[in-house]
Structures are given as structure tokens and as C-alpha cells.
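Below are the chains, spelled out letter by letter.
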Amino acid sequence: MTNGRPEVDPITLSTVWHGFQTICREMRHHVERTAQSYLMAVLHDISVGLWKANGVTIAMPEGLFDQFLGARFVIEDIHKRFGEDLYPGDVIVTNDPYHGDSPHLPDWGFIRPIFHRGELTFFTLVRGHVMDTGGSFPGGYFPNAYDIHAEGLCIPPIKLYERGVPCRDVAELIFNNVRFRDEMRIDTQAMISTTAFGERRVLEIVDRYGPELVDACIEEMIKRTERAMRAQIAAIPDGVYYGEAATDDDGTVLDEPVWIRVEIVVSGDEMTIDFTKSDAQRPGFVNRVLAATYGTAFGSVLMMMDASLADYHNEGSLRPLTIVAPEGSVTNARYPATVGGSPVAVGGQITDAIVEALSKACPGRAQAAWARHRGDYTFANDPRTDEPYVRTTFDYDGSAGAVAGYDGATGPVVHGVVLRGNVEEAEIRFPWKMLNLEIIPDLMGAGRWRAGAGIDWRAVNQGSEGRMATGSSDGDEMVPKGVLGGYDSPKSRTFIQRGDERIRVKPHRMQELRPGDVLIKLSSGGGGVGDPRERDPLAVQRDVRDGFVSLEAAEKIYAVALDAESLDVDDQRTAQLRSRQATRVEVVIDGETLTLGLRELG
Amino acid sequence: LRVSVDIGGTFTDCVVESERAIETYKAPTTPDDPSRGLLDVLDKAAGASGESLEQFVARVDRLFHGTTLGTNLLLTRRGAKVAFLTTAHFRDVLEIRRGVRNLGESVFNQVRPPYQPLVPRYLRFGIPERTLYTGEVELPLDEMSVEAATRAALAEGCEAIAIGFLHSYANQEHEHRAKAVVERVAPDLHVVCSSDVLPTCGEFERFSTAVVSAYIGRAVSTYLRKLEQELRAHGFGGTLLIMLSSALMRTVDQCHARAVELLASGPAAAPAAALAVGKSFGHLDLIEIDMGGTSFDVCVIRNGSILTTTGAWVGEERVATKMVDIHSLGAGGGSIAWIDSLGLVRVGPQSSGADPGPAAYGKSELPTVTDADLVLGYLPADFFLGGEISLDVDRAAAAIEALGAEIGLGLADTAVAVFQTATVSMAGAVTEVCTKQGHDVRSFALVAGGGAGGIHGAAIAEHLGIPTVIFPTAQPVLSAMGMLIMEIGQELTKVGVWSRTEVPAEELEATFQEMIAAEQETFRLMGVELAEVSFARSISARYQGQFHDVAIDVLGGEDRVALLGRFHDRYQEIYGYSLPWRAVEILECHVRGSVSQAPAAHVTQTGMPGALEEARVGERRCCLRGTPVDVPVYRRELLQPGHFFAGPTLIDSRTSTILVPEAFDASVDADRNVILRLRHAVATKACARAAAEPSA
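Thresholds, definitions, all that
- Residues numbered from 1 in each chain as written.
- Chains lettered and ligands numbered in written order.
- Predicted model: local features only at pLDDT ≥ 70, side-chain atom pairs only at ≥ 80, totals over all residues.
- Heavy atoms only, no water.
- Contact = heavy atoms within 4.5 Å.
- Buried area = accessible area lost by both parts, 1.4 Å probe.
- Salt bridge = Lys/Arg side-chain N within 4 Å of Asp/Glu carboxyl O.
- Polar contact = N/O pair within 3.5 Å; in protein donor to acceptor, adjacent residues only side chain to side chain.
- Helix = DSSP H or I, 4+ residues; strand = E, 2+ residues; numbered from the N terminus.
- Buried < 20%, exposed > 50% of the residue type's maximum accessible area, 1.4 Å probe, protein only.
- Core = buried A, V, L, I, M, F, W, Y, C linked by side-chain atoms within 4.5 Å.
- Pairing = 2+ DSSP bridges.
- Phe/Tyr/Trp six-rings, centres within 6.5 Å; stacked < 30°, edge-to-face > 60°.
- Axes fitted to C-alpha atoms, helices over the stretch in contact; angles between N-to-C directions.
- 1 Å grid on protein atoms, 1.4 Å probe; cavity = no way out; pocket = protein on both sides within 12 Å on 5 of 7 lines; lining within 4 Å.
- Points joined across faces, edges and corners; volume = space filled by probe spheres on them.
- Left-handed = near helix turned anticlockwise from the far one by under 90°.
- Nonpolar A, V, L, I, M, F, W, Y, C, P; charged D, E, K, R; others polar.
- pLDDT = per-residue confidence, 0-100.

(A) Inspection of the interface of chain B and chain A at higher detail. Contact with chain B, which involves 70 residues of that partner, is made by 83 residues of chain A. Carbon and sulfur atoms make up 56% of the area that chain B and chain A hide from each other, which totals about 6600 Å². Here chain B and chain A share five salt bridges between them. At the boundary of chain B with chain A, the tally comes to 30 residue pairs in polar contact (both at pLDDT 80 or more).

See below:
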């Protein structure tokens, strides 16, 4: 003991540190194994973490930034609301963006206060995207609600369990106001039991080493992380770095982009993320509450830091960061603004703007933007069971953006946090038969390092007529950007083929569906990094051989000449092409033929 | 007579169990034709009992065999050129995967190379055909396309073809018909059907597993065929059983279509041997390590159970067949030391292998861990493999010296740096599977195996603060030992009972009977007495609507209500709640047939040991903590139960050397295992508890 505090030996520190991280991983696994919603059980639309009683972050390895990195906000609200009225066995539920930290109503959070020897010591949170949250349309991505109350059931932090006893009246009220009530009960149970599991595992650690030693470890963890984080920031030249990104529209005022503009001020070992220049709060559903902006912004900054810190982030990572988001801005909306679409539209753009700004600050770690989510929520009847279903997946999304040094991978979505499903499982679950899931050549941001490929996804509706909300879709007009001279991702398109009729479906709309409709999603890949004319000609040759890049694009975009038959690189012509003045080329989807064309820009 | 042979990257290990005792042997692996090394080691065993190879082999009833051939092919990407035939319009499943490789990888780390599939896109062929999830054929197989694709694959020089069609787990017809076409057009190609390798729903996992199987299958099959022929030619009349990564066993014929199950087939047996030794001490929390010439494997055993997983990634590939949960690192005695761009000493993953081997073997100038161990005096120059391989100290020193010259380090310092680097990276691998899972390593005992495990085991333990290290009698050949003592098991799974809540008891019973009959047939081929086999039945079930299942045992004479009752109980036990109001779906039926092997014969000695001095064969000048020290050397074969001595000491045996560092005391137990205990265990609660555990 020194100064009354137990001394922390390296092995205990390492065990406790990794122990907390592992608990979070196991918790996520626990939800996956027990949930029945496709989003949670198969696609990982879940977040978990551990905080100290005062809201200080201990571990946050698993989740979507906006679902949990701002948990200090809800913990603050809980303290204000309940004061001393918290007990072992309590479970608090909330999805209220304005009295908690939920980014939108379908993200239900379950928070359990953890007591050790009668003292409130930790909070754990599990938040997952549930099947339904009431409101005008299932899934929570309804584009045109009047206000937050029209978007669905809005639950402030309230107890669903007190001292281990379920609050039945509260539960009845909640489950009577959502669709799929049995399924919702299962998912609720899954998340609540996961918080209990987390509590048990945390207490095992505390019992093993004693609360004083664990506390000393947490302090040491935070101290070390903060030191490393500050060193990282200090290595970036002081200055103001700008980034911007936009969503196609806000779902109410149509075809008018909404802009996120960020200035990142690096000064010594601190960083301020300033959203002052972003658009004002919107009438449509793309507004972010402060907690969600905070989570997304801080998570995005951490993603740009050195990878060696990746498994060790905690409160110390957040301390050198300050956020500025004026009230009334689309990044800090006032009640009762609608927020349903904001995780995809505006949330994704906050990440893109920050990554763009920091790519300028740290070109060695530059990252291009990832593909936009091309999601939809389809609600109809499954004739096999005669039950309603809601379907949403990430299967139709494009791919990863490139990073300095590597091409983007083909396949990963949402920065690798969530998963794609299997075709086979989806066909068993939903009355849609898959027709196509393949790469589309050229539909990606070119670059010295190119993005992962675009995806051509098609399926036919074998269920009833129904409706489809495209609130979770984006990127028909405003596209993910390339950096350091890399190409932006091309524009994506969604169509419905109904007999001979082809209907274009834009993001943030409602669309009716009929039996036999073929849904066609042509999703672009992501942004590129660096000038494509500097790409290794052999890499271009390989891309052409494999059908990632067409012969035409090889010549026009990458300035590499290949023999049409043998695909041998024509070194002489390539040198000629590369010596010429560069012309930017746009890759465009033809809505008639569904083929791609290359258009030279003046 | 029972014999096991485990072929590692550098050495081929052999354990022979006769009526009286256990004998262990080692011979160099022969990578160009691994069966030669296998016959070499058998020849050695024969020689020990004064027999010819033929006489010896003729007496063998059962030969157990594990090999790292498949793993090496996959990790070094030296497998076959494979083409993939799949349902048209879905040919990118292998590349798109289900997203990022490993969700354990942090979202805060985005700078990583993109995945390069084993089958590049131009060798993936879409075939018009479609089966639905019900098993119903919607679009008949276009055999002309299969033929055209096969010819195209041949023209590209492919050596193997994997076939994976959507929903083939529900109906194998199209895959099997396509296979017949391929075999007709290209009889020399190795062909794998996804539904034969892994008959479960989920195309990505199934296709990926099938492609890996095709990638390594040709070489594995060729090898096994040749091996069996050679053994027979030498008069072998017993059964040859191949060890699988799941710790189950198969006959050679059963392996051809499913080579993927042989990945890490040797290492999968080691935990069983470690557990057997641990149990005799009352230690049920064990870290089993196996350090051979090429790789370092580590497996965590908690509360006496060896965990398996179907969620494994081997290198960059998803392999969804069941595997013992082992973590592997490219660090062994033969690992090559090098200097990185920051001027730091690094070790592995490149290995000098069996040929040319470390510089000390006299065929190369490659500085390896073995060379450093020799320079430091830990290894005997004249008693390596009982003197069969004489080590060239000067050559080893020259190689290590040349390495050090790159960064201005002297010979001794460079050797220490190589030794330390290897130790730290192996300790890191232990941390990965233990500490990073939240387990405190100090409450575990380390069971060290492998030829190089003797010298490095205690150093790793000291680095991590693990208080107890066990070197089993079979330490140098731990995997081979595991094969000899573990039960002979096989498992069958029947799937496709999707979304059905009312499975009649008769249907379940009939399914189980059918599976048991199939297993009995296999056991017969294995030469196992059917009366000795016990069959355990289980089902995988879940609440309707869920995506993941829970396995429960099916007991004889139990009705449906009782079975479901136990499902709810089990669910409650695992997840802390249950949903008795919700319908339960049965997804899979499993039958596990197994037969225990007689425990390995050993002579337990009681009474007072002879004088320790009699086991002492001399001393060796070692470099310890940077200073030269003359360290007493004991011969393991001469040590007797009850002997006790303090480090630093060295224990040489015919197949390995154990380094007892200064911080440890060594003792020999009744079974002649050597136990090391950390003398000044760090005073934490965890350590105190671990140290207080009963020792013998």
C-alpha cells in the first residue's frame, strides 16, 4: 500500500483490464444467443458497456457508437431522477432520446445498477435495436412523423424491475403499445438477463481482488489510456481541420441535402470537435440529440487513432476531447424534434465528416468513407404462417472504404460492427426469395487504394402486399467521399420491378409493395484513397481479371492499358496514359438498362 | 500393441504402449514425404525392442495418427489451386463473407488488409440451379454448365473443385450430381461437396469450410492413401485411426471427402494428455502448451473441461466444423530469429522446419531459437535426441553472432535477446487465451509439452507468475500421448427439422436408431468391440423465433414433456431465465459414440528414492541472467519419485531437455512427472490460493 491505496501489479492490472473488456464481449454474445430479433441475434445491432457509478467509462469494446458511448447522459439522468432510490435488482428501461441517450426510439436500453456490499459501484447497459417500438410504422424508420411522440412509444428512464421484482403494470403498458408483443418480450428478457450476467461477472472480479484494488486498477487503466491518447493527439500538428458530409434529404423536405460540417481543432494534446457550422435542426427525422452526437463523434475520433489502442479505450480516451454542438442544430436537436432516421442519415455523416477532417490531419492513417446504408423496413404478411413480419438487414449494403495502404474489403458494413446474414437463413425467416447477391464491377470509389466492391442485391416478394420504409437508406445523391485524391463512391440506386414497370425508390420514403415485386438494390462500394492513376498496374490487371474493374475503367480511371484478350499490361501505352492530364470520370447507373456507364467530367 | 504417431512441422513423435510400459520416440519430420518420417520413427521403436520394422508393425493392433500437414498447407497458402462451383448469381459469397472476419477485432482498428479469398473471383463459377430451403428443386441443375466450368477450371490448371449450392443441407441432389459430372469430365480432380463436409444451414460457413477442405484435401488424401499402403506393405494388419481436430477419430477412407477435419489434428489430442496428468494432481484449471519445432499451441482447460468450438477461424479462413479450441502461434525451436525495421529482435513465424533445420543441424546458417538455446548452454550439444543429432555449437554461434552484428549486439546478448523474445511472444499467446478471457493465469497450472517446451515452459511461467509447471513423463510427445489415452469417439449430426415444434417421439427415435446403426458400422471398420461402445444422444433446440440453440442430452425412456422440461431448466441454467410459454423447436439430433481406451500402463514406484547424485550426469556451463554459471545436469530417465532439488538445473532426456530456472524448485512425483514450483510466488490472493492447492 502506498498513500492508503493498494499497489497495482502489472498482472492484476492486465487481468482486470482485459477482464472488463471480456465481460462486454461475453455480454454481447449472451444477447445474440438468446434474442429472437434478426437484427440483434444475427446482425449484431447491439451495444454493451460498463461504467462507474458516476458515469465514468470503464469498458466499451462492443457496439454502435451512438447506442452507448454517450451513456454518461443517461446515468446522469438516472441519478437526478432516482437519487438514493436505487437498489440491487433494479433494471431501468429507456428509449427516450431527450431523457437519456437513445439515438432513436427503437434502440431500447436496459440499465442495471451494480452494488457491491450495499454500495452502488457500477452501471451496465445493454442496448439493442428492437423489432418494434409502436408509432406509425414498425421498425422506427418512418420518415414523416409529426413529432417524437408520433415516432413511437417514448419511455423515459423508469424501473422495469425493482429489487428483482418485475413491475407488471409498467410492462403491460409497454407491451400493449408495441407490435410483435411476444417477440418483444423475448428480446426484452434477453437483454435484461444479459445485464444480470454482466453484474455477476463484474462482481466476481471485485470479490476476487477486493474493491480497493479494482478501483486502483480502473484509475490506472484510465490514466494510462489518457496518457496514450494525449500523446496521439500531440503528434498531430496543431490546426483546424475541416470535414463535411450530407444526407440526401430529411424525409419531409424532399431532395434538399442536410449538411454536417465539422471543424476539428487540434491544440497541443487536446482536440475540440466543433459542429457549429452544421445545418440547423430540420422538420424531418434526421435530427440528433446531443448524447447521440457525442457518442458518434467520439467513437469516430477513436477509430482514427493508432490501432494499438483499439482494445484499451475507456474514459481516458474521452478526456482530451471536447464537443461543441449548439442547441437547435441538427447535431443537438430540441424536443420534440423527430429523430428516427438519424442513426443512418446524419449519424453516418458525422462519422464521415470527422474521418475526412482527421484524414487531412493524419494522412498516414487516412480513411475514405464507407458505403452508405441502403436499408429498408418491410412490413407485410408471411403467407406461410399468416403472421405479420418486419424485415431489415444489411445484406444489400456496399463495402468498406479504402484506407491509406490497403484497399477496402468487399463485404464489411457499418465499420465492421454489424454482420450480414446468410441467404439461406433469410429465406427461411422472410417470404422473400433471393435472386442475386454479387459484386458490380466499377461501382466503387477508385483510388491508389480502391474501396471494396459495390453490391447487386435482388429479391422477389413471395409474401403479401405491404409497405416498405426506406428511412434507413441513404446515398442516392450525396455519396461517401474519397480522400487524398481518391474517388468518391458512385451514386447508389434502388428499384422495384413490377412486371414491365420499373419504379425508382429514393431514400427516406414510403413505398407500397405487391406480391411478385422484385426489389433491386445497386449499392456502391465506398470511397477510395489516393489518385487511381498511381495504382499498381498489376493490381488493376488483377481487378480486371476478377471482374472488379472493367477494361474501360482500367483505361479511363486508372490509366492502365491492358490487352483485351490476354489482359497483359501494355507498359508503353500505360505510361502514355499516365503522362496525360487527368480527367475525372463519373460512374453512373443507367436506370433503364441497370448497367453502368462512365462519363467524363469536363 | 497400441502405437500413436504425431507428425509435427519438425519432429515426428511416437508413443508405444506395450504390456509393460510406455516408450517414446522422436525422428525428424520428412516434409517432402511425411510417411517416411513416420516409418523412421516406427523403425526406431522396433529397434528398441530388438525387432525388424516388419516384425514390429505386424504386432501393432491400433495405430493412431495425427498430422499438421493440412494446417501447414493452409497457413502457408501452399494448398491446391481450387475452383468453386456455386449457385448462379451468388458466386461472391466467399468474398463478401458475413462482413469483417472476426468480430472480436475492435471497431477502433480500421487499418487492415482486405481479405484475399482462397478462390479468386475468376475461378468461381455460377451454375444455373436452385434448391429451396424446403429441399424442393426449383430450377434443375444445368449439367452442361457444370461441364463447361470444369473444363474452364482444368484449362486454368485447377487441381481441386469445391461445390457449394444454396440449401444443399436440405437436399444434396444437385451437389452430388454436379460432383458426378466433374468426376466424369476430370477424374483426376479432388472434388468436395459442401453438404458432405458440413451439412448445416448457413451458406457462408458451409462454403468456406468446403473450400478449405478442397484446398488441403488433395495433398492430405494422397498422403493418407500412400501411408496406409506403405504400412500394409510392411505387414501392418491392424487399424489405422486418424485423429481429427474435434478430438474424434476416423478411418482413412472416411477422411478423403472431409480433409478439413484434419486441421490441427495432432495438437487436438494434447489437452487430453494434459488433463489426465492435471487430474492426478487435483488440478482442473490448466494451461496446456505444446512447443515443437515450428509452432506453439496453447489450450485452456477450465474446471476439467476441454472446450470445442464451431466458430473457428484458421488463419483468415472460417472453418465451421467442430474443433478443440486451440490457439496457435508460429514460434518453436526452429523459428527463425530476425531483425525488424525498428532494429528489434523478432522470432518466427518463419521456421527452418525439419530441413534444413536450425544452423546447429549443420545444413543452414539460419539463426533459430534452438541455436540460441544451444549457445546459452541449455541444450546439450552431444545428447540432442539422445545423441542421434549432434549439434554444431560453433555453427549455431556463428549464426547468432551474424544476427547480432546487424544491430551491434554480442553473441551472448543476442542469444539472450532471442530467448527472451520467444518467451515473451509465447507468454503473449497465453495471455490471449487466458488473461484476455478474464482468467487470472496465476490460478492455473501450466502443463508443458513438446520438444522445446522443456526449455521454455518454466520461463513462460516465470514471466506470467504462474506458480506451478508440470512436465509430464510424455512431455516431449504430449499429442501422441493424448491419442493413446483418450476415448475413441465419433459423432453424427442430423439436421433439417426446421421450424417444427411437434416432432413425434417415434420420428426422433427412428432418427437416432439410424444414426447409431451408421456409427456401429464405422466402429466395426475401426476394429472396435461393439459391446464396449456407449452412445450418447442429444438434441439442439431453441425457443421458436430464436437463432441460436442449446444442446441437451436425451435420456432413454423419457417422454416429450419431460424432455422439454429439461430444456427449460437447462436454458434457465445458462441464461438465467426461461420461457416455458413459448414453443420449442428441435433443430438437430446428435449421437456421440465412444469407447474408452485402457489407461496407459505405467509403473508407479513407491518407497524411498535412491540418492539424487546417481541421476546426476555432470554439469553444463549456462548463461543465466547474463552470467555464465555451471549448472548441474540430471538425466530424466535416472530420476526417481521423491527426488527434490532447486534450480538452476537442467534435466536431459533422450527426447528433450528441461530447464529449471533459479526461481523454481523441482520434484519428481510417483508417476515420474517433473513438477516445478515457483519459490517466491508473488503475494497476491490469487497466487496464495493457487500455491495452497494440494500438490500430490
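That shown, we press on.
(B) Focus on the pattern of salt bridges. All names here are of chain A. Overall, the coordinates contain 89 salt bridges over all chains when judged by the stated rule. Taking the shortest distance from any N to any O, the salt bridge between E199 and R112 comes out at 3.9 Å. On the criterion of sequence distance, the pair formed by E199 in helix α7 (residues 181-209) and R112 in strand β4 (residues 107-116) is long-range, its members being 87 residues apart. Summarising the burial analysis for this pair, E199 and R112 share the class buried.

(C) Representation of the nonpolar core in the model. Within the largest apolar cluster, 249 residues are counted, with the highest numbers of intra-cluster contacts made by F20, M271 and I354 of chain A together with V3, L42 and F56 of chain B. Contact partners of M271 of chain A, with chain neighbours within four places excluded, come to I233, I236, I264, V265, V266, V301, M305, P320, L321, T322 and L358 of chain A. Ranked by size, the runner-up nonpolar core spans 73 residues in total, among them I289, A452, V631 and Y634 of chain B.

(D) Highlighting the sheet that holds strand β6 (residues 158-162) of chain A. Residues and elements named next belong to chain A. An order of β2-β1-β5-β4-β3-β6-β7 is seen for the seven strands of this open sheet, with the pairing classed as antiparallel. Edge positions in the open sheet fall to β2 (57-62) and β7 (165-166), since each of these has one partner strand only. Here strand β3 (residues 91-94) runs beside β4; their pairing, made up of three bridges, is antiparallel. Each residue of the ladder has a partner; that of V93, found in β4, is F110.

(E) Molecular detail of the packing of aromatic side chains. Residues and elements named next belong to chain B. Per the counting criterion, the structure on display carries 21 aromatic pairs over all chains. Centroid distance F523 to F535: 6.3 Å. Interplanar angle 70 degrees. Geometry classified as edge-to-face. Highlighted residues: F523 in helix α16 (residues 505-525) and F535 in strand β26 (residues 534-543), separated in sequence by twelve residues. Arranged with centres 5.1 Å apart and planes meeting at 70 degrees, the rings of Y543 and F567 form a pair that is edge-to-face. On the criterion of sequence distance, the pair formed by Y543 in strand β26 and F567 in helix α17 (residues 560-575) is long-range, its members being 24 residues apart.

(F) Just the sheet that holds strand β25 (residues 488-495) of chain B, in detail. All names here are of chain B. Read from one edge of the open sheet, four strands run β25-β28-β26-β27, paired in antiparallel fashion. In this open sheet, the two edge strands, each paired with only one partner strand, are β25 and β27 (550-554). The mean angle between the axes of side-by-side strands here comes to 25 degrees, regardless of whether they run parallel or antiparallel. In the sheet, β25 pairs with strand β28 (residues 584-595) via eight bridges, with the strands oriented antiparallel. Bridged to V495 within β28 is E588. Contacting β25, β26, β27 and β28, α16 crosses the sheet at an angle of about 25 degrees to β28.

(G) The arrangement of the side chain of S473 of chain A in detail. Locating S473 of chain A in the fold gives a position in the loop between β16 (466-469) and β17 (493-498). Excluding residues within four positions of it along the chain, S473 of chain A makes contact with V344, H373, R374, G375, P507 and H508 of chain A.

(H) Local environment of empty space enclosed by the protein. Residue and element names in this part refer to chain A. Counting across every chain of the model gives ten cavities of 30 Å³ or more. In this structure, the largest cavity encloses a volume near 640 Å³. If you go around the largest cavity, you meet 37 residues; those closest to its centre are L64, P343, V344, G348 and V414. At the level of secondary structure, the elements contributing two or more residues to the lining of the largest cavity comprise α3 (65-68) and α11 (347-361). In terms of residues, the lining of the largest cavity owes the most to one element, α11, which gives four residues.

(I) Summary view of the pairing of β6 of chain A. Residue and element names in this part refer to chain A. In this structure, β3 lies alongside β6, joined through three bridges in antiparallel fashion. Residue V93 lies in a different strand from β6, and its bridge partner there is I158. Sheet topology note: the β6/β7 ladder contains two bridges and is antiparallel. Opposite Y161, over in β7, you have P166 as the bridge partner.

(J) Fine view of the packing of helix α9 (residues 290-303) of chain A against α11 of chain A. Residues and elements named next belong to chain A. Between α9 and α11, the shortest axis-to-axis distance is 9 Å and the interhelical angle comes to 35 degrees. Between α9 and α11 lies a crossing of right-handed hand. Here T293, T296, A297, S300, V301 and M303 of α9 lie close against α11, whose contacting residues are G347, I350, T351, I354, V355 and L358. Residue composition of the contact of α9 with α11, by class: seven nonpolar, five polar and no charged.

(K) A look at the confidence of the model for chain B. Residue and element names in this part refer to chain B. Mean pLDDT for chain B: 88, with 94% of residues reaching 70 or above. Note on residues 682-696: pLDDT is under 50 here. Beyond four places in sequence and across chains, it has 20 contacts. Per the prediction output, this complex has pTM 0.90; the corresponding ipTM is 0.93.

(L) Representation of the packing of helix α13 (residues 411-433) of chain B against helix α14 (residues 453-464) of chain B. Residues and elements named next belong to chain B. Running from N to C, α13 and α14 cross one another at 65 degrees; their axes reach a closest spacing of 9 Å. Crossing of α13 against α14: the hand is right-handed. Contacts between α13 and α14 pair F419, A422, T423, V424, M426, A427, V430 and T431 from the former with I455, H456, A459, I460, H463 and L464 from the latter.

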